[in-house]
Amino acid sequence: MLRASLHKTDRDLHPRVIVEGCGSCGVPAGDDIRALVDACVFRDVDEYPDARVRAELRLGRDTADRIAMVAANFEMMNRLLDAIGVPVMAATADLATEMGLAIPDHLQP
C-alpha cells in the first residue's frame, strides 16, 4: 500500500475489487503506463525495455521518465517504511481487508 500517499479527504473511497484484468481504466495509454510501472516495481529486467519503449513511443520520453521515477519513488518509500518497521496507518486497515491484503503482525497499527 502506498501509505505515505494516503491523506484524509472529505470524500469516501470506494475501491472496486479487481478480479480479472484491469482494462484501460479510462486512462489514455493506461496499458502502457501500467506495463512500465509493473516492470519498475517488480524489477523485471526482461519486461522493462519493451515497456519503456512502448511508453516512450506513446507518451514521449519525458513522460516515460516521469512514470518510471514516480513508480520507483513510491516503491522505495514503501520498502523503506517496511524496513524500519513503520506501522501501517490504522485508517488503511479496513481498506487492506477489503482488498484482501494481510498486514504482517509487525506492521499492524
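Residues numbered from 1 in each chain as written. Predicted model: local features only at pLDDT ≥ 70, side-chain atom pairs only at ≥ 80, totals over all residues. Heavy atoms only, no water.

## Focus on the overall build of the protein chain
- On a plain count of helices and strands, the protein chain comes out with four helices and zero strands.
- Secondary structure elements of the protein chain occur, N-terminal to C-terminal, as α-α-α-α.
- With 109 residues in all, the protein chain has 22% of them scored as buried.
- The long-range fraction of contacts in the protein chain, counting pairs at least 24 apart against all pairs at least 6 apart in sequence, stands at 48%.
- Accessible surface, the protein chain: about 8200 Å² in total, of which carbon and sulfur atoms supply 58%. (Helix = DSSP H or I, 4+ residues; strand = E, 2+ residues; numbered from the N terminus. Buried < 20%, exposed > 50% of the residue type's maximum accessible area, 1.4 Å probe, protein only. Contact = heavy atoms within 4.5 Å. Areas by Shrake-Rupley, 256 points an atom, 1.4 Å probe, with all protein chains shown as cover.)

## Observations regarding unusual backbone geometry
- Its identity is not glycine, yet Arg43 carries a phi of approximately 50 degrees, on the positive side.
- As for its placement among the helices and strands, Arg43 is situated in the loop between α1 (30-41) and α2 (48-59).
- Take Arg43: its relative accessible area is 59%, and that puts it in the exposed class.

## Concerning the confidence of the model for the protein chain
- Per-residue confidence for the protein chain gives a mean pLDDT of 78, with 76% of residues at or over 70.
- Here helix α4 (residues 93-99) stands out as the least confident element of the protein chain, with mean pLDDT 76; α2 is the most confident, with 96. (pLDDT = per-residue confidence, 0-100.)

## Considerations on the environment of Phe42
- Examined against the element boundaries, Phe42 turns out to sit in the loop between α1 and α2.
- Using a relative accessible area of 61% as the deciding quantity, one classes Phe42 as exposed.
- Once the C-alpha coordinates of Phe42 and Glu75 are considered, the two residues, 33 residues apart in sequence, prove to be 9.3 Å apart.

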